[in-house]
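So you can see what is in the structure, the chains are spelled out below.
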Amino acid sequence: MKISLARNSGFCFGVKKALEEVEKIKNKYCVYILGQLIHNKQVINELKKKGIKIIDDVDSIGKGTVVISAHGIPDKLKKKIKEKNLKIIDTTCPLVEKVHNITKELEKQGYNMIIFGDREHTEVKGIAGNLNAPVIINNASGISAFNKKYALVSQTTQDQEEFGRTAKELRKRIKELKVMDTICSATKQRQNEAKKLAKKVDMMLVIGDFSSANTRRLEQICLKIVETRHIETASELKAGWFKGKAHIGITAGASTPDWIIKGAIERIKNEFQ
Ligand code: F3S
């Protein structure tokens, strides 16, 4: 049985940078990560073992260092942290920062903002938190005809085809719509490579946290092409999945570390090949 790993699987540069920054300060006194640094339980558990605390808000802390995740936060929350005289390590991905800047600028130009994304995702909350009542959608349904001037952006990790379909649909209903494709290059590459590989194999294995939106999107993309299984770690692999398969493809979400991907490949080779 052949095993192929899709290009651009696993950590994106934004996640790598965030973890490197945390690595530098992990031994300091009172290090807090605001929200999920990355959507991966195994990595977060390792950080917790090193004494790093995960917090949901900064109200209860009076001193120490606050790490802002790669997903970013609204400007007013950053201001609040500064006003409390807490040290900030800002690991916001430059490509998320770019969406913040684009949306603030478009709003200044008089556009009403529409964000294509998951309402509950930290990145979307961060972008929306800087805007006046943006509309957040994950498809075009529910959007009726608008006469005002609108601009559409996307959460950086959304599915390119879904975004394209939604933009097309909205163009029919909104008189003046500016579309900015803000899906990040790392996401596009990962999705395109997964799609390419899925067409050549008998089964795709998608590795990443069940709560990771970009991993789930990889699963949905591959499922449209071939039998696909989503696992968090090697322990979930089942012998039956590999019976009669000649070629297995593997991809992994942007927050899946190499050691988890390698662990899955090793187990397949040792037990199921
Ligand atoms: Fe940045 Fe894209 Fe990764 S926005 S954090 S490079 S998935």
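Residues numbered from 1 in each chain as written. Predicted model: local features only at pLDDT ≥ 70, side-chain atom pairs only at ≥ 80, totals over all residues. Heavy atoms only, no water.

## Topic: the packing of aromatic side chains
Using the criterion set out here, one finds two aromatic pairs in the structure. With a centroid separation of 5.6 Å and 55° between ring planes, the pair formed by phenylalanine 116 and phenylalanine 163 is classed as tilted. Of this pair, phenylalanine 116 sits in strand 6 (residues 112–116) while phenylalanine 163 sits in helix 6 (residues 160–173), and the two are 47 residues apart along the sequence. Summarising the aromatic geometry, the rings of phenylalanine 242 and phenylalanine 272 are spaced 5.0 Å apart at their centres and angled 5° between planes, so their arrangement reads as stacked. Placement of phenylalanine 242 in the loop between strand 11 (228–231) and strand 12 (247–252) and of phenylalanine 272 in helix 9 (residues 258–272) is noted, with a sequence separation of 30 residues between them. (Phe/Tyr/Trp six-rings, centres within 6.5 Å; stacked < 30°, edge-to-face > 60°. Helix = DSSP H or I, 4+ residues; strand = E, 2+ residues; numbered from the N terminus.)

## As for the pairing of strand 2 (residues 31–34)
Here is the key point about a regular strand: its side chains alternate between the two faces of the sheet. Of the two faces of strand 2, the one holding Val31 and Ile33 and the one holding Tyr32 and Leu34 are both buried throughout. Relative to strand 4 (residues 65–68), strand 2 runs parallel, the two being bridged by four bridges. Bridge pairing links leucine 34 to isoleucine 68 in strand 4. Across three bridges, the pairing between strand 2 and strand 3 (residues 53–55) is parallel. When the bridges of strand 3 are listed, tyrosine 32 appears paired with lysine 53. Crossover connection from strand 2 via helix 2 (residues 41–49) to parallel strand 3: handedness right-handed. (Buried < 20%, exposed > 50% of the residue type's maximum accessible area, 1.4 Å probe, protein only. Pairing = 2+ DSSP bridges. Right-handed = clockwise from strand over helix to strand, strands pointing away.)

## Focus: the packing of helix 7 (residues 185–198) against helix 8 (residues 213–223)
The contact between helix 7 and helix 8 brings their axes to 9 Å, and the two run at 35°. In the crossing of helix 7 with helix 8, the sense of the turn from one axis to the other is right-handed. In this structure, helix 7 contributes Arg190, Gln191, Ala194, Lys195 and Ala198 to the contact, and helix 8 contributes Leu218, Ile221 and Cys222. Grouping the constituent residues of the contact of helix 7 with helix 8 by class yields five nonpolar, one polar and two charged. (Axes fitted to C-alpha atoms, helices over the stretch in contact; angles between N-to-C directions. Left-handed = near helix turned anticlockwise from the far one by under 90°. Contact = heavy atoms within 4.5 Å. Nonpolar A, V, L, I, M, F, W, Y, C, P; charged D, E, K, R; others polar.)

## Structural notes on the site of the ligand
Close contacts around the ligand come from Cys12, Phe13, Gly14, Cys93, Leu95, Val96, Thr156, Thr157, Cys184, Ala186 and Thr187, and that covers them all. Those elements giving two or more residues to the shell around the ligand turn out to be helix 1 (13–25), helix 4 (94–108) and helix 7. Split into classes, the residues belonging to the shell around the ligand amount to seven nonpolar, four polar and no charged. Domain assignment of the residues forming the shell around the ligand places at least three in each of domain 2 (13–93) and domain 3 (95–183). (Near = heavy atom within 4 Å. Domains from an automatic or database assignment.)

## A few points about the domain arrangement of the protein
According to the domain assignment, the protein consists of domain 1 (2–9 + 187–272), domain 2 (13–93) and domain 3 (95–183). Inter-centroid distance (C-alpha atoms) of domain 2 to domain 3 is 27 Å. The interface of domain 2 with domain 3 comprises 12 residues on the first partner and 12 residues on the second. Roughly 940 Å² is buried in total at the junction of domain 2 and domain 3, and carbon and sulfur atoms are behind 51% of that figure. When the buried area of domain 2 at its contact with domain 3 is split by residue, His71, Asp75 and Cys93 rank highest and sum to 47% of it. Joining domain 2 to domain 3, the criterion identifies one salt bridge. (Buried area = accessible area lost by both parts, 1.4 Å probe. Salt bridge = Lys/Arg side-chain N within 4 Å of Asp/Glu carboxyl O.)

## A word on unusual backbone geometry
Phi at asparagine 8 takes a positive value of approximately 60°, unusual for a residue other than glycine. With respect to the element layout, asparagine 8 can be found in the loop between strand 1 (2–5) and helix 1. In this structure asparagine 8 comes out as partly exposed when scored by relative accessible area, which is 33%.

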